[in-house]
2 protein chains.
Amino acid sequence: MIDFSDIESAYNTLKLVAHKTPLLSSRIFNEMNGNDLYFKAENFQRIGAFKFRGAYNKIASLANEERKRGVIAHSSGNHGQGVALACKLFGIRAVIVMPHNSAASKVEATKGYGAEVIFCGLSTDDREKTTQGLIDKHGYTLVHPYNDEKLIAGQGTVGREIFQEITELDYLFVPIGGGGLISGCAIAAKHLSPKTKVIGVETEGANDCYQSFRQKKLIKLPLVNTIADGMRTLSVGTLNFEIIMKYVDDVITIKDEDIYPMMKFFLERMKILVEPTGAVAPAAVMKNVLGLNGKKCCAVISGGNVDANVLKQIL
Amino acid sequence: MIDFSDIESAYNTLKLVAHKTPLLSSRIFNEMNGNDLYFKAENFQRIGAFKFRGAYNKIASLANEERKRGVIAHSSGNHGQGVALACKLFGIRAVIVMPHNSAASKVEATKGYGAEVIFCGLSTDDREKTTQGLIDKHGYTLVHPYNDEKLIAGQGTVGREIFQEITELDYLFVPIGGGGLISGCAIAAKHLSPKTKVIGVETEGANDCYQSFRQKKLIKLPLVNTIADGMRTLSVGTLNFEIIMKYVDDVITIKDEDIYPMMKFFLERMKILVEPTGAVAPAAVMKNVLGLNGKKCCAVISGGNVDANVLKQIL
């Protein structure tokens, strides 16, 4: 299992290329909520989400031979863009496998960072076959979206930055998709601020980790149903689960219907754009799921890449 | 005429209540533009616009007698909210006179900061009569939206903060409505960084200051037509004009049609919400009206209070 030294090393790798994103706060939110709240704004990260951190740290770790052959990832969203930009910065070929029904805006954004996009069918099977076929043919290195130590260490730099700025934090709320972000942040938290409770947040329609955490075994859901597109993973990774069981204090859920009001609040009151998945941890704080009062809490805004149609719906 | 010491004094008055707003930058924008660009994000200021600064500094300067009687302002937008919040913080009565067709959201926001809202007719005449009637009856002190030394000094703290962070700035672009923001910023600029060129920006449909600057006399337009609602003043104030003629290097204009693309860019690429007037100075930089290359430029984003319908149109 990785430890804080891996995060520290990722931090040094990233410090000249990733943004040190701001910690935002809102007087109105604090007054409404009764706690002292901070939001780690990874929507301001390069590519608009924390995913750049892990992807860059992973690609920085590749051997020359691997770099020459190029890199592959499957993603219809932020992970693909993170890998694409990281590869561009290293001058490495990036191939991103995307379902053929991916939003045109996501395809364009991924291509915009210089990646080659290959379309695949909609099933997991089809995606894996397409990806494996390309690996077999070209020798590409696969960059997994969450079940990877270098990736986890990169995402953990989010936590490192938070504790660099806030002392005596009572609670840290982190969204859980595949578990990369929370596993990295939990390692950072327990090293830098052992008293801080680390709380994972999922939506009810994608509560695999909530179930896994309670049953103490890795549960894989047959299907998920949530507007938080970054949470549509059927289970967290094995490496992630191990770290979560060791360092995370609790996993809670919110309802999908709490997401849009949170996004609207961020837009109207704080003037920032937050994507549905990015609003999940803040919504758990806003709804005060844990019934806290007078505590110092930080929630991670994981990203800000919102489809224009989704945004219109919110308004 | 006020000088930098007045701004310094406003800065001390404001430092514990106003936000020190961030200076944002975007790699993509820099690459597209060929200059090194910074944006002073007053959309993150309290009430969502720089107007809080001037209003607070003005109200802080009132005598006890004036405070007891209360304050009045006419505004359908950010100035009203700035005065309302400043009065709330001082525990002073605030009366805001608004045209009866003001957007419900603006009325609610102003009331939300604790002000009493009085409606008036749409003409300047009607508004002035209503306001004067209330002043005669209750002895309220009028807080003018731009033609006031304390107000100008407050707005000038925007400039002071910019030069605290950026050295050797070549150009500072500031939007011009009534001229409060630019006159304060120009005084700060010429004191802290005399080599920096200060450029005022208006829209073509509200180019009173552009004309005044060229003709060297204060021009009042018969009417204005622009989507930048903060620029719908027929002329700048007399105090503002005097400072502008002394310290501002040029006044330029952009077209209304350049505003929405700039707002869209801010939202999609930088994940921040900027109001039409707030996008005017950045748009002058984005369109590179002055044909600059390799320069260090800063544009002030004056605010972020966007009507939901306007935002839908942009998307």
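Residues numbered from 1 in each chain as written. Chains lettered and ligands numbered in written order. Predicted model: local features only at pLDDT ≥ 70, side-chain atom pairs only at ≥ 80, totals over all residues. Heavy atoms only, no water.

Account for the packing of aromatic side chains, naming residues and giving values.
All names here are of chain A. Here the structure, examined in full by the defined rule, presents twelve aromatic pairs over all chains. Between the aromatic rings of Phe29 and Phe39, the centroid separation amounts to 5.2 Å while the plane-to-plane angle is 10°, which identifies the pairing as stacked. Taken together, the positions of Phe29 in helix α2 (residues 27-33) and Phe39 in strand β2 (residues 36-41) put the pair ten residues apart, joining distant regions of the chain. Residue classification places Phe39 among the buried residues on the basis of a relative accessible area of 1%. Members of the aromatic cluster, joined through ring pairs, are Phe29, Phe39, Phe265 and Phe266. The ring of Tyr11 has Arg160 sitting right over it, with the charged end atom 3.6 Å from the ring centre. (Phe/Tyr/Trp six-rings, centres within 6.5 Å; stacked < 30°, edge-to-face > 60°. Helix = DSSP H or I, 4+ residues; strand = E, 2+ residues; numbered from the N terminus. Buried < 20%, exposed > 50% of the residue type's maximum accessible area, 1.4 Å probe, protein only. Lys NZ or Arg CZ within 6 Å of the ring centre and 35° of its normal.)

Help me get a handle on the sheet that holds strand β9 (residues 250-254) of chain B, residues and values and all.
All names here are of chain B. Across the sheet, which stays open at both edges, the six strands sit in the order β1-β2-β10-β7-β8-β9 with mixed pairing between neighbours. Where the open sheet ends on each side, the last strands, each with one partner, are β1 (23-24) and β9. Of the strand pairs in this sheet, strand β2 (residues 36-41) and strand β10 (residues 296-301) are connected by six bridges, and their pairing is parallel. Bridging across to β10, Phe39 finds its partner in Ala299. This element, helix α12 (residues 259-270), spans β1, β2, β8 (197-203), β9 and β10 of the sheet and lies at about 90° to β2. (Pairing = 2+ DSSP bridges. Contact = heavy atoms within 4.5 Å. Axes fitted to C-alpha atoms, helices over the stretch in contact; angles between N-to-C directions.)

An account of helix α6 (residues 104-112) of chain B is requested, with residue identities and associated values reported.
Given 3.6 residues per turn, any residue in an α-helix points the same way as the ones three and four places further on. Residues and elements named next belong to chain B. Among the residues making up α6, those that are buried are Lys106, Val107 and Thr110. The arc that holds the buried residues of α6, viewed along the axis, is 100°, so those residues lie on one side. Counted as exposed and oriented over 90 degrees from the buried face of α6: Ala104 and Gly112. For α6, the elements touching its buried residues are α5 (78-90), β4 (94-99) and β5 (116-120). Directly beyond the C-terminal end of α6, a positive phi value near 95° is found at Gly114. (Arc of directions from axis to C-beta.)

Can you lay out the sheet that holds strand β6 (residues 141-142) of chain B for me, pointing to particular residues and giving the numbers?
All names here are of chain B. Taken together, the four strands give an open sheet; going across it, the order is β5-β4-β3-β6, and neighbouring strands pair in parallel fashion. Strands with a single pairing partner mark the edges of an open sheet, and in this sheet they are β5 and β6. As judged from the four bridges shared by strand β3 (residues 71-74) and β4, these two strands associate in the parallel manner. Bridged to Ile72 within β4 is Val95. Along the sheet, helix α7 (residues 124-138) makes contact with β3, β4, β5 and β6, crossing β5 at roughly 135°.

How would you summarise the pairing of β2(A) if you had to cite specific residues and measurements?
Bridging between strand β1 (residues 23-24) of chain A and β2(A) involves two bridges; their strand directions are antiparallel. Pairing of A:Leu24 across the sheet is with A:Phe39, part of β2(A).

Could you give an account of the pairing of strand β4 (residues 94-99) of chain A, naming the residues involved and the relevant values?
Residue and element names in this part refer to chain A. When you tally the buried positions in β4, you get six out of six residues, the bulk of the element. Burial along β4 is two-sided: Ala94, Ile96 and Met98 facing one way and Val95, Val97 and Pro99 facing the other are all buried. The β-α-β motif built from strand β3 (residues 71-74), the intervening helix α5 (residues 78-90) and the parallel element β4 has right-handed crossover chirality. Relative to strand β5 (residues 116-120), β4 runs parallel, the two sharing five bridges. Paired with Ile96 across the two strands is Val117, which belongs to β5. As for the winding sense of the linkage, the β-α-β connection from β4 through helix α6 (residues 104-112) to β5 is right-handed. (Right-handed = clockwise from strand over helix to strand, strands pointing away.)

Describe empty space enclosed by the protein, and please don't skip the residues or the numbers.
Residues and elements named next belong to chain B. This model, assessed by the stated rule, comprises three cavities of 30 Å³ or more. Quantified by volume, the largest cavity comes out at close to 50 Å³. Forming the walls of the largest cavity are Met1, Ile2, Glu149, Ile152, Leu239, Glu242 and Ile243. Listed by contribution, the elements that provide at least two residues to the lining of the largest cavity are α8 (149-165) and α11 (238-247). (1 Å grid on protein atoms, 1.4 Å probe; cavity = no way out; pocket = protein on both sides within 12 Å on 5 of 7 lines; lining within 4 Å. Points joined across faces, edges and corners; volume = space filled by probe spheres on them.)

Quick one: what's the story with the domain arrangement of chain A, residue by residue and with numbers?
Residue and element names in this part refer to chain A. Parsing chain A into structural domains produces domain 1 (4-49 + 150-314) and domain 2 (52-142). Averaged C-alpha coordinates put domain 1 and domain 2 at centres separated by 24 Å. Of the residues lining the interface, 25 residues belong to domain 1; the matching set on domain 2 comes to 19 residues. Summing both partners gives a buried area of about 1,700 Å² for domain 1 against domain 2, and 58% of it is carried by carbon and sulfur. (Domains from an automatic or database assignment. Buried area = accessible area lost by both parts, 1.4 Å probe.)

Could you give an account of the pattern of salt bridges, naming the residues involved and the relevant values?
Residue and element names in this part refer to chain A. Across all of its chains, the model carries 30 salt bridges over all chains by this definition. Here Glu165 ties to Lys20 by a salt bridge, and the two come within 2.9 Å at their closest N and O atoms. Of the two residues, Glu165 sits in helix α8 (residues 149-165) while Lys20 sits in the loop between α1 (4-14) and β1, which places them 145 residues apart along the sequence. Glu165 gets classed as partly exposed once you look at its relative accessible area, which sits at 44%. Here Glu268 makes a salt bridge to Lys264, at a shortest N to O gap of 3.4 Å. Within this pair, Glu268 and its partner Lys264 are both found in helix α12 (residues 259-269), separated by four residues, close to a single helical turn. Judged by its relative accessible area of 31%, Lys264 is partly exposed. Three or more residues are tied together by salt bridges with common partners; here these are Lys40, Glu42, Arg53 and Glu161. (Salt bridge = Lys/Arg side-chain N within 4 Å of Asp/Glu carboxyl O.)

An account of the interface of chain A and chain B is requested, with residue identities and associated values reported.
With 21 residues of chain A at the contact, the number on the chain B side is 21 residues. Overall, the association of chain A and chain B removes approximately 1,800 Å² of surface from exposure, summing both partners, and the carbon and sulfur fraction of that is 58%. Area buried by chain A at its contact with chain B is led by A:Arg27, A:Lys271 and A:Leu315, which between them contribute 39% of it. Put simply, chain A and chain B have zero salt bridges between them. Counting across the chain A and chain B interface gives eight residue pairs in polar contact (both at pLDDT 80 or more). The element that contributes the greatest number of residues to the side of chain A that touches chain B is helix α14 (residues 308-314) of chain A, accounting for three residues. Residues belonging to the side of chain A that touches chain B are distributed by class as follows: eleven nonpolar, five polar and five charged. (Polar contact = N/O pair within 3.5 Å; in protein donor to acceptor, adjacent residues only side chain to side chain. Nonpolar A, V, L, I, M, F, W, Y, C, P; charged D, E, K, R; others polar.)

Tell me about the environment of A:Glu168, residues and numbers included.
Summarising the element assignment, A:Glu168 is placed in the loop between α8 and β7 (171-175). Placed 128 residues apart in sequence, A:Glu168 and A:Lys296 show a C-alpha to C-alpha distance of 7.6 Å.

Tell me what's going on with the relation of the copies chain A and chain B, and back it up with residues and numbers.
Once turned by 180° and shifted 0.0 Å along the axis, chain A lies on chain B with an RMSD of 0.0 Å. Expressed as a symmetry operation, the mapping of one chain copy onto the other fits a two-fold axis. Taking C-alpha positions as the reference, the residue of chain A nearest the rotation axis is A:Ile272, at 2.3 Å. Of the residues that chain A buries at the interface, 100% are likewise interface residues in chain B, meaning the two copies contact each other through the same surface. (Least-squares fit on C-alpha atoms with pLDDT ≥ 70 in both.)

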